[in-house]
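Okay, here's what each chain looks like letter by letter:
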Amino acid sequence: MFELDIEMLKEQGLQIMDTAKKTAIDIADKGKNQLELLNQQARLSKSQRQLGALVYSLHKAGEENQPLVDKYIEAIAEIEKNIEEIKAHMTPDERAEAEAAEAEQPENAEPEDAAAEDEEIIEEEPDRPRGETKICPVCHSEVDAEALFCNHCGAQL
């Protein structure tokens, strides 16, 4: 007759469960890395646009504010560093996949999730028109609501 070895079945069940747990953790970590990479890429794109808008507005006004421009450049460099750190923690396959997706997008395009995120923000704040301003907590000057730094005193917002 066929004899059941309960201990063997129990051991095999535990091994399967342990494998499934490790696989689930790996998939979750991969998803977290990809999400964080997308978030950092969206921040990079936004910061680059803000820097361009700042340089243009300063040029148009005939002003110069190199310390403020330098702060934006430093912020962009920090975001780029974060992106590289995230990529360093990815497997070679994940990194290649992320770089391929990055290469497919035009240089000026945001990641699709970031564009959707902007749309969600707009939907969440229907009363807020584009170009709204806020007040700098340091010098009390009016600055663009999306600015990272005050364009008058350079304080981080």
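Structural data are supplied above this passage.
Since this is a predicted model, take the numbers as computed values, not measurements. (Residues numbered from 1 in each chain as written. Predicted model: local features only at pLDDT ≥ 70, side-chain atom pairs only at ≥ 80, totals over all residues. Heavy atoms only, no water.)

S.K.: Residue-level account of the overall build of the protein, with values.
M.R.: What the protein contains, in helices and strands, is four helices and two strands. Each helix and strand of the protein, placed in order from N terminus to C terminus, yields the pattern α-α-α-α-β-β. Buried residues in the protein amount to 22% of all 157 residues. Within the protein, counting contacts between residues at least 6 apart in sequence, those at least 24 apart form 49% of the total. Here the protein has roughly 11700 Å² of accessible surface; of this, 54% comes from carbon and sulfur atoms. (Helix = DSSP H or I, 4+ residues; strand = E, 2+ residues; numbered from the N terminus. Buried < 20%, exposed > 50% of the residue type's maximum accessible area, 1.4 Å probe, protein only. Contact = heavy atoms within 4.5 Å. Areas by Shrake-Rupley, 256 points an atom, 1.4 Å probe, with all protein chains shown as cover.)

S.K.: Give a description of the nonpolar core that names residues and reports values.
M.R.: Within the largest apolar cluster, 16 residues are counted, with the highest numbers of intra-cluster contacts made by Leu37, Leu54 and Tyr72. Residue assignment for this core shows that the elements contributing at least two residues are α1 (6–60) and α2 (66–88). No other element matches α2, which puts seven residues into this core. Those residues within four positions of Tyr72 in sequence are excluded, and the remaining contacts are Ser47, Gln50, Leu51, Leu54, Ala147, Leu148 and Phe149. (Core = buried A, V, L, I, M, F, W, Y, C linked by side-chain atoms within 4.5 Å.)

S.K.: Talk me through the side chain of Gln40; I want residue IDs and the actual numbers.
M.R.: With respect to the helices and strands, the residue Gln40 is situated in helix α1. Leave out the neighbours within four places in its chain, and Gln40 touches Ile79, Asn82, Ile83 and Ile86.

S.K.: Explain the packing of aromatic side chains residue by residue, including any values.
M.R.: Counted according to the given criterion, the structure contains one aromatic pair. Taken together, a centroid distance of 5.2 Å and an interplanar angle of 70 degrees make the contact between Tyr72 and Phe149 edge-to-face. Linking Tyr72 in helix α2 with Phe149 in the segment after β2 (142–144), this pair joins segments that are 77 residues apart in sequence. The residues Tyr72 and Phe149 share a single accessibility class, namely buried. (Phe/Tyr/Trp six-rings, centres within 6.5 Å; stacked < 30°, edge-to-face > 60°.)

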